[in-house]
Amino acid sequence: VQTCALPISRSRTHWPLSMRVHLLGLSIMFSDAFTVPGAIALRTAHPMRAAGGRMNADLLGRLFGGGGSREPWPAEQCTAPTWEELRAMHDAQATDDQLGFRARLESGRGDAASLATIRRFDAADGEEPRVTLYRDTASWCPYCEKVWLVLEEKRVPYRVSKVNMNCYGSKPPSFLQIQPSGGIPVASVDGTVIRESNDIISAIEAAFPERPLIPPPSDAAAVRVRPLLQLERQLFGAWFSWLGQGSAGHGAQLRNFEALLREVEAELAEGGGPYFLGAELSLVDCMFAPFLERMAASLPYYKALKLRNNPDYPRLEQWFVAMEGRPSYRNIQSDFYTHVHDLPPQVGGCQMVAEARPMADAIDGADGSWSLPLPDEDPLQPLHGLKLPAPAARCEAAERLMHNRADVARFAARGTGKPGFPGVGAPLSDPNAAPDEASVPQLDAALRHVVHALLAGTDEATTRLSPGLQPAVITPSLGYLRDRISVPRDMCYPAARQLRAHLNWLIDATARAEA
């Protein structure tokens, strides 16, 4: 990067100065219950959710410090399959790739994964990686994402150290010793600490030249790199400015952004596609990816503009599909729901125009779209490029629940528990919340029913539904969990989509059984 003297702006410094201190904690955390105990949760969406349009008791319960039934639920009433039986069901239908997921995760092999703490690629088992990447725990930071993507594409072995964002937790003293500002990403490359994302990429490109992401000067595509990176910054600036404005000036902002999108479309056409420089992925794609991903999520939600499957931008859709075909990107990509709620704490607020409400309701599931049966395709966030059939997506969701079931049950019990003190900066984030311990046995049974439905279908799961499940516990607790499923941190988007809908199935089934 430095050799080519490319004008790549520094990480974080493009955000407005007034927001910069706030943005040192660049992302938010949803449910961490799938990976570690004592998790932090955050939800910044509407209190009206799916499940029949009922007011989500997630919010009400936290405002009033509880609200679950005081009647103890007798665990002997549970008629759900045991966890061991569910594991056997999963293993009988999971793919070989899914069955080997945990072993590959531990060894550092296989495809990219948000849960990974070490990536070895082709290195020997005992060989210590030369790179350590300090990135956000929640996997939301776009500057971390571009470094992450570069490491995966270049197949550079590295360790991962995950760091809390300022808006939902404190950073460990060991991290502040190497990065006093607390900003991320940070990397150690051959013992040298590097504190800016583009400096990290430059150092990685220089230290690991075997798979270059920048074309050599002799390549005709090399002259296009600088103007393309400038275009990426122009597009970012237009999006960022528009996101924080309301209806005033909306038309002018829309026209300006669409003009830049036409430039992006023309550049993709000039290279021949599917990537910006042609048939091969380059650093340009790694730089565009994090913010195009966030634009595609946020613009339909806040500004009623679709980027995905928009006939005006066929080359852009071809680019997204090509990127999703790469395990390096597909497995670290987030979903629309996660992004539209992780952006406001980062940028100080996002303004919605009235025309966007139907698409916002669809992304939030407030229009009933988080209900079974799910259609094969998502009209807003396409699934076809991800190439994960629905049965495999359900298996992934089931595995993530089973693997950390005790902590997930206690996390869901916060829905009828009490808010913690002191609070933190991000709305509804409550790392000190106290779960309603009396609800945990009932929620363990509820999660077993959800996993059963994922693996065997809702018809069979309904025949095994435990009597006496209490809507006063199930609705707020499973709603609390559902609204905090985070992509890619907990699971991929197709799996999250299935799990959200199956949690709603049990919420509704419990309400019907009581009625």
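Residues numbered from 1 in each chain as written. Predicted model: local features only at pLDDT ≥ 70, side-chain atom pairs only at ≥ 80, totals over all residues. Heavy atoms only, no water.

## Brief notes about the overall build of the chain
Broken down by element type, the chain carries 21 helices and 5 strands. For the chain, buried positions account for 58% of its 515 residues. In the chain, the proportion of contacts linking residues at least 24 apart, taken out of those at least 6 apart, comes to 78%. Summing over all exposed atoms, the chain offers an accessible surface of approximately 19,400 Å²; the carbon and sulfur share of this is 55%. (Helix = DSSP H or I, 4+ residues; strand = E, 2+ residues; numbered from the N terminus. Buried < 20%, exposed > 50% of the residue type's maximum accessible area, 1.4 Å probe, protein only. Contact = heavy atoms within 4.5 Å. Areas by Shrake-Rupley, 256 points an atom, 1.4 Å probe, with all protein chains shown as cover.)

## Digging into the nonpolar core
Ranked by internal contacts, the top residues of the largest apolar core, which has 87 residues, are Trp 239, Phe 257, Leu 316 and Trp 319. Per element, the largest residue contribution to this core is 14 residues, and it comes from helix H11 (residues 283–303). If we ignore the near neighbours within four places in the chain, the residues touching Trp 319 are Leu 268, Pro 274, Tyr 275, Phe 276, Asp 285, Phe 288, Ala 289 and Leu 292. Of all hydrophobic cores here, the second largest spans 49 residues; its members include Ala 413, Ala 453, Leu 465 and Leu 499. (Core = buried A, V, L, I, M, F, W, Y, C linked by side-chain atoms within 4.5 Å.)

## Regarding the pattern of salt bridges
Any two side chains of opposite charge can pair, so long as their charged atoms come close to each other. According to the stated counting rule, one finds 25 salt bridges in the structure shown. The residue Arg 224 makes a salt bridge to Glu 270 at a minimum N-O spacing of 3.6 Å. Taken as a pair, Arg 224 in the loop between helix H8 (197–207) and helix H9 (225–243) and Glu 270 in helix H10 (residues 250–271) lie far apart in primary sequence, 46 residues in all. Owing to a relative accessible area of 13%, Arg 224 belongs among the buried residues under this scheme. On the basis of relative accessibility, which here comes to 56%, the residue Glu 270 falls in the exposed class. With a shortest N-O distance of 2.2 Å, Glu 437 and Arg 410 are connected by a salt bridge. Here Glu 437, found in the loop between helix H17 (405–412) and helix H18 (440–456), pairs with Arg 410, found in helix H17; they are 27 residues apart in sequence, far enough to count as distant. For Arg 410, a relative accessible area of 35% corresponds to the partly exposed category. Because the salt bridges share partners, they merge into one network encompassing Arg 102, Glu 396, Glu 399 and Arg 400. (Salt bridge = Lys/Arg side-chain N within 4 Å of Asp/Glu carboxyl O.)

## A look at the environment of His 339
Here His 339 shows up in helix H14 (residues 336–347). Ignoring anything within four residues of it in the chain, the contact list for His 339 reads Glu 293, Arg 294, Ala 297 and Ser 334.

## Description of the packing of aromatic side chains
The tally for this structure, following the rule as stated, stands at 13 aromatic pairs. Grouped by ring-pair contacts, the aromatic residues Tyr 143, Phe 236, Trp 239, Phe 240 and Phe 291 constitute a single cluster. In this arrangement the basic side chain of Arg 135 is found over the ring face of Trp 148, its NZ or CZ atom lying 4.1 Å from the centre. Sitting over the face of the ring of Phe 101, Arg 400 holds its NZ or CZ atom 4.2 Å from the ring centroid. (Phe/Tyr/Trp six-rings, centres within 6.5 Å; stacked < 30°, edge-to-face > 60°. Lys NZ or Arg CZ within 6 Å of the ring centre and 35° of its normal.)

## Side note on H14
An ideal rise of 1.5 Å per residue puts 16 Å on 12 residues; H14 measures up with 17 Å between its terminal C-alpha atoms. In terms of residue burial, H14 counts as a mostly covered element, since 12 of its 12 residues are buried. Backbone geometry just downstream of H14 places Gly 348 in the positive-phi region, at approximately 85 degrees. (Expected span 1.5 Å × (residues − 1).)

## Observations concerning the sheet that holds strand S4 (residues 186–189)
Strand order in the open sheet formed by 5 strands is S1-S3-S2-S4-S5, and the pairing between neighbours is mixed. Each edge of the open sheet carries a strand with a single partner, namely strand S1 (118–119) and strand S5 (192–194). Bridging between strand S2 (residues 131–136) and strand S3 (residues 158–163) involves 6 bridges; their strand directions are parallel. Considered in S3, the bridge of Thr 132 is made with Arg 159. (Pairing = 2+ DSSP bridges.)

## Side note on the confidence of the model for the chain
Here the chain averages 86 in pLDDT, and 85% of its residues register 70 or above. Note that pLDDT drops below 50 for residues 1–69; the model gives that stretch 240 contacts with residues more than four away or on any other chain. (pLDDT = per-residue confidence, 0-100.)

## A word on the packing of H11 against H14
Taken N-terminus to C-terminus, the directions of H11 and H14 make an angle of 85 degrees; their axes are 9 Å apart at the nearest point. Viewed along their axes, H11 and H14 adopt a mutual orientation that is roughly perpendicular. Mapping the contact onto sequence places Glu 293, Arg 294, Ala 296, Ala 297, Ser 298, Pro 300, Tyr 301 and Tyr 302 in H11 and Phe 336, His 339, Val 340, His 341, Leu 343 and Pro 344 in H14. Taken together, the residues that form the contact of H11 with H14 break down as 9 nonpolar, 3 polar and 2 charged. (Axes fitted to C-alpha atoms, helices over the stretch in contact; angles between N-to-C directions. Parallel < 35°, antiparallel > 145°, perpendicular 65-115°, else oblique. Nonpolar A, V, L, I, M, F, W, Y, C, P; charged D, E, K, R; others polar.)

## Structural notes on the layout of surface pockets
To locate leftover empty space, one rolls a probe as large as a water molecule over the atoms. Of the volumes computed, that of the largest pocket is approximately 690 Å³. Lining the largest pocket are 37 residues, and of these Asp 97, Asn 331, Glu 396, Arg 400 and Cys 492 lie nearest its centre. Listing elements by their share of the lining of the largest pocket, those giving two or more residues are helix H4 (96–99), helix H5 (101–107), S1, helix H16 (390–403) and helix H21 (493–514). At 5 residues, the largest contribution of residues to the lining of the largest pocket is made by H16. (1 Å grid on protein atoms, 1.4 Å probe; cavity = no way out; pocket = protein on both sides within 12 Å on 5 of 7 lines; lining within 4 Å. Points joined across faces, edges and corners; volume = space filled by probe spheres on them.)

## Details of the pairing of S3
One ladder, built from 2 bridges, connects S1 with S3; its direction is antiparallel. Among the inter-strand pairings, Arg 119 is bridged to a residue of S3, identified as Tyr 158. Viewed along the sheet, the connection from S2 through helix H6 (residues 142–154) into S3 turns out right-handed. (Right-handed = clockwise from strand over helix to strand, strands pointing away.)

## A look at the side chain of Ser 439
One can find Ser 439 in the loop between H17 and H18. Ser 439 sits in the buried class, given a relative accessible area of 3%. Reaching out from Ser 439, the side chain makes a polar contact with the side chain of Asp 436 at a distance of 2.6 Å. Contact partners of Ser 439, with chain neighbours within four places excluded, come to Thr 416 and Val 473. (Polar contact = N/O pair within 3.5 Å; in protein donor to acceptor, adjacent residues only side chain to side chain.)

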